[in-house]
Amino acid sequence: MSEPPQTKLIKPRTKAGKRVLEKRAPKLVEDPKRALLAFGNKTSQVVKDVLTDLQKLKGTDALKFSRHNADMRPFEAGGEAALEMHCARNNCSLFALGSHQKKRPHNLVLGRLFDFRLYDMVEFGVAAYRSVQSFGGGAAQAQLGNKPSFVFVGDVFETDPAMRQVKSLLLDYFRGRQVDTINLAGLDRVMFVTQHPHTKQVLLRQYSVRYKKSGTRVPRMELTEMGPSLDLELRRSRQPPPDLEKEACRQPKLDKKKQKNVGSDVLEGKVGRIYMPKQEVEKMALAKPKGVKRERRAAAAEAAAAKKQRTADGAAGGSSGGDD
C-alpha cells in the first residue's frame, strides 16, 4: 500500500511570493472561502444555469471555468488530482462540478477541501430548477456581500448522517465572512432547505426580505421568492477520512496560559501568592537606630585613645631603659 503524499514546503523567492504565501497561511479567523465552479466532460444547459446562479450567490468569492475538464472525476480513483491542483492554484477550498451523462443526467457535485486535499463531497441530481432571472425583480432587493439566513426544516438534518453532511456543506458554502454581530438591515435574504417526505429530494428556496412598519420596534417582515429554486436528488456522497477530519477539526488554543499561584478577587482584583525560605534575622543587615551609631563612634574613639596611650607608654619605657 502506497504512502499518502507529503505536503511540499514552498519557500518564497520574492517579496510578492512571500505575501501570497502569508495570505494563504492558516489564520485564527479564516477568510471567506472561495469556490471553484467547473464543468465536467459534458454538461447540459440546466447545469450551466445552476453554476451561473451559484456564482452570483458567492459573488467575488467564486471563480468559474469556461472550458470543459474531462480529467475532473472526483468519485473515481485518482480523479481528484486535477481538481486539487486547480483549487490549490486559485486558492479555493470549495468546488462545484457540473456534468451531464445518460446514467446521471444534470449532475452537480458540491465538495470541500482541507489543505487543498479533497475532504468530502455530495453528488446531487437537479430534478427541477428555476433561475434567478425567472423571478423578475425579486433579486434586486438583495445586496452583494450580505449574509443569508438559513432555515433547515425537519429533524432529518440532525438524525440522518447524509442529510447532516448536506446541511454542513450548504452552511459552509454560503456563510461568507465570519462576523460577531450583524445589522438587521443587512439581513435581506433567507434560504429555506427541507426534504420532501415522499421523494426524499432536497428542496432549496431563497426569499428576499422586506421590512414593513408594525407599530413596534420590531418590524414586520414579508418574504418574496427570488430564486434560485432547486429540487436536488441525493445520489452519491463521500465522507472525510478519519485522520483528515481530526486534523481539520483541530481548534487553536486562544486562552492565555494559566499563571501559577495567581488568582482574582472581587474586591482586591489580582491576588498572588509567593513562597519565601526561612529567614535568619540574626544574620540580616537591618537598619540600626542613631543611638547605636553614637555608641559605636564613642567606643571606637575610646579604643583609639587607649591604643595611642599604650603606644606612648611603650615609647617612654624604651627610652628610660637606654639611659640606665
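This text goes with the structure placed above it.
Residues numbered from 1 in each chain as written. Predicted model: local features only at pLDDT ≥ 70, side-chain atom pairs only at ≥ 80, totals over all residues. Heavy atoms only, no water.

## Re the pairing of strand β10 (residues 229-238)
And then number 1: Where strand β5 (residues 117-130) lies against β10, 8 bridges are found, and the strand directions are antiparallel. Along β10, the bridge assignment pairs Ala128 with Asp231. (Pairing = 2+ DSSP bridges. Helix = DSSP H or I, 4+ residues; strand = E, 2+ residues; numbered from the N terminus.)

## Digging into the state of the cysteines
And then number 1: If you walk through the whole model with that rule in mind, you get 0 disulfides.
And then number 2: Here Cys92 stays free of any disulfide, with the sulfur of Cys87 as its closest cysteine sulfur at 5.7 Å.
And then number 3: Cys92 gets classed as buried once you look at its relative accessible area, which sits at 0%. (Disulfide = S-S within 2.5 Å. Buried < 20%, exposed > 50% of the residue type's maximum accessible area, 1.4 Å probe, protein only.)

## Regarding the nonpolar core
As a rule of thumb, soluble globular proteins bury nonpolar side chains together.
And then number 1: Core analysis: the biggest nonpolar cluster contains 33 residues, and Leu110, Leu170, Tyr173, Phe174 and Val193 have the highest contact counts within it.
And then number 2: The biggest single contributor to this core is helix α5 (residues 161-174), with 6 residues.
And then number 3: Look past the residues within four positions of Tyr173 in its chain and what remains in contact with it is Ala35, Leu37, Lys58, Leu94, Phe95, Ala96 and Leu110.
And then number 4: Among the nonpolar cores identified, the runner-up in size contains 14 residues, and Phe65, Met72, Cys92 and Leu97 belong to it. (Core = buried A, V, L, I, M, F, W, Y, C linked by side-chain atoms within 4.5 Å. Contact = heavy atoms within 4.5 Å.)

## As for the pattern of salt bridges
And then number 1: For the structure on display, the rule yields 13 salt bridges.
And then number 2: For Glu222, the salt bridge identified is with Arg220, shortest N-O distance 2.9 Å.
And then number 3: The class for Glu222 is partly exposed, based on a relative accessible area of 32%.
And then number 4: Of the residues examined, Arg220 reaches a relative accessible area of 41% and is grouped as partly exposed.
And then number 5: When salt bridges with common partners are traced through the structure, they connect Lys33, Arg112, Asp120, Asp172 and Arg175 into a single cluster. (Salt bridge = Lys/Arg side-chain N within 4 Å of Asp/Glu carboxyl O.)

## Quick notes on the pairing of strand β11 (residues 262-265)
And then number 1: Both β11 and strand β12 (residues 269-272) contribute to a ladder of 4 bridges, which runs antiparallel. Within the sheet, the bridge partner assigned to Gly263 lies in β12 and is Val271.

## Quick word on the packing of aromatic side chains
And then number 1: If you walk through the whole model with that rule in mind, you get 5 aromatic pairs.
And then number 2: Measuring from ring centre to ring centre gives 5.2 Å for Phe152 and Phe157, while their planes differ by 65°; the resulting arrangement is edge-to-face.
And then number 3: Ring pairing ties together the aromatic residues Phe150, Phe152, Phe157, Tyr173 and Phe174, which thus form one cluster.
And then number 4: A cation over an aromatic ring shows up here: Lys58 above the ring of Tyr173, its NZ or CZ 5.5 Å from the ring centre.
And then number 5: Here the basic side chain of Lys167 rests over the ring of Phe152, its NZ or CZ set 5.4 Å away from the ring centre. (Phe/Tyr/Trp six-rings, centres within 6.5 Å; stacked < 30°, edge-to-face > 60°. Lys NZ or Arg CZ within 6 Å of the ring centre and 35° of its normal.)

## Focus on helix α2 (residues 45-58)
And then number 1: Spanning 14 residues, α2 covers 20 Å between terminal C-alpha atoms, matching the ideal 20 Å at 1.5 Å per step.
And then number 2: For α2, the set of buried residues is Val47, Val50, Leu51, Asp53, Leu54, Leu57 and Lys58. On an axial view of α2, the arc spanned by its buried residues comes to 160°, and they lie on one face.
And then number 3: Phi turns positive one or two residues past the end of α2, at Gly59, with a value near 70°. (Expected span 1.5 Å × (residues − 1). Arc of directions from axis to C-beta.)

## Regarding a nonpolar patch on the surface
And then number 1: A cluster of nonpolar side chains, namely Val281, Met284 and Leu286, defines an oily patch on the protein surface of about 260 Å² accessible area.
And then number 2: Within the secondary structure layout, Met284 lies in the loop between β12 and α7 (290-323).
And then number 3: By relative accessible area, which is 37% here, Met284 ends up partly exposed. (Patch = residues over 30% accessible without salt bridge, like charges linked within 9 Å, V, L, I, M, F, W, Y side chains within 5 Å. Areas by Shrake-Rupley, 256 points an atom, 1.4 Å probe, with all protein chains shown as cover.)

## Quick notes on the environment of Ile274
And then number 1: Turning to its location among the elements, Ile274 is positioned in the loop between β12 and α7.
And then number 2: On the basis of relative accessible area, Ile274 is assigned to the exposed category, the value being 70%.
And then number 3: Once the C-alpha coordinates of Ile274 and Lys260 are considered, the two residues, 14 residues apart in sequence, prove to be 10.0 Å apart.

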